[in-house]
Amino acid sequence: MIDLIGSILISSIRNLFNKQQDVLTHTSATGMTEWNLGHHLANEINRYIFWLNHDLDVMKRNHENRRPDIIYHRRGINSLNFLVVELKCTNYIDSDIRKIKEDWMGADLCYRYGASVVIRSQREFSVRVFESGLDRPQCFGQQTPNIVPPDVNVEQEARLRQIVSQITEAERELRLAVNTRIFFNNHAVSPLMQNLDTVIAEMYAREAI
C-alpha cells in the first residue's frame, strides 16, 4: 500500500503541473501560499482516493487545535483514518514526520499512513511515505512510475462503497455496545479493512503505465 500511496502522490503532483504549470507563480495580485497549493493538490489526490472524505487545514479542537495540511478519512469514525499529508515548498522538515506520528498516529486518531511532500518546482518534487508503527519512510521522486486515476466500473465502485459503509457501521455499533473508541485493527473491523485493501489493490493493478 505504501508503494501505491507514493505513486498516487507523485502522479497527483505531475497531474497538477500538467493542468497548471504556473501554480507556484507569485504575482503582484495573488500570493501563492502552501494552503493554496494544498487545495489544488488535494483535488488531484481525490481523483485517486475518491472513496474517502478529504479536508484541508482542518482544526482538531479536541487535539489542541492541531491542523494537518491534508487528511483523507471518513468523517465521524476513526477506523478509516487513512492518510495525513504535510506539504512544504522548501526542504524536508523532519518535524513534519514526527508531528504526523505523534499527533495523528497515536492511540486516539490512529491514522494508518503519513506523507511528507515537498514541491519546489515543476521538475523538483519528492514524497516520503510511512506507515504507523514503522520508523523508516519510503522515498518517491522522479523515477516513480506514473499511474492514472482508476477507471472503475459500476460493480467495483459499488463493492468499494459497500465495504466503506460496512466499516462505518461496524465501528458505530461497537462504540454503542462497549462505549469506547474502536480502531481499524479491532477484531470486528480488521477483516473489513483487509477486504478494502484487496479491492483497492485490484483496482490499481492495471493502472500502472
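Residues numbered from 1 in each chain as written. Predicted model: local features only at pLDDT ≥ 70, side-chain atom pairs only at ≥ 80, totals over all residues. Heavy atoms only, no water.

(A) Layout of the packing of aromatic side chains. Tallied over the full model, the rule gives 3 aromatic pairs. Ring geometry for Phe17 against Phe125: centres 6.4 Å apart, planes inclined by 20°, an arrangement best described as stacked. A residue pair is termed long-range when its members are at least 10 positions apart, and Phe17 in helix 1 (residues 2-19) and Phe125 in strand 5 (residues 124-131) qualify at 108 residues. Using a relative accessible area of 5% as the deciding quantity, one classes Phe125 as buried. Seen in terms of ring centroids, Phe50 and Trp51 are 5.5 Å apart; in terms of plane orientation they differ by 85°. Their pairing is edge-to-face. (Phe/Tyr/Trp six-rings, centres within 6.5 Å; stacked < 30°, edge-to-face > 60°. Helix = DSSP H or I, 4+ residues; strand = E, 2+ residues; numbered from the N terminus. Buried < 20%, exposed > 50% of the residue type's maximum accessible area, 1.4 Å probe, protein only.)

(B) Quick look at the environment of Trp51. Checked against the element boundaries, Trp51 lands in the loop between helix 2 (34-45) and strand 1 (53-56). Counting along the chain gives 21 residues from Trp51 to Tyr72, while the straight-line C-alpha distance between them is 9.4 Å. Apart from the residues within four sequence positions on either side, Trp51 is in contact with Arg74, Leu160, Arg161, Val164, Ile200, Met203 and Tyr204. (Contact = heavy atoms within 4.5 Å.)

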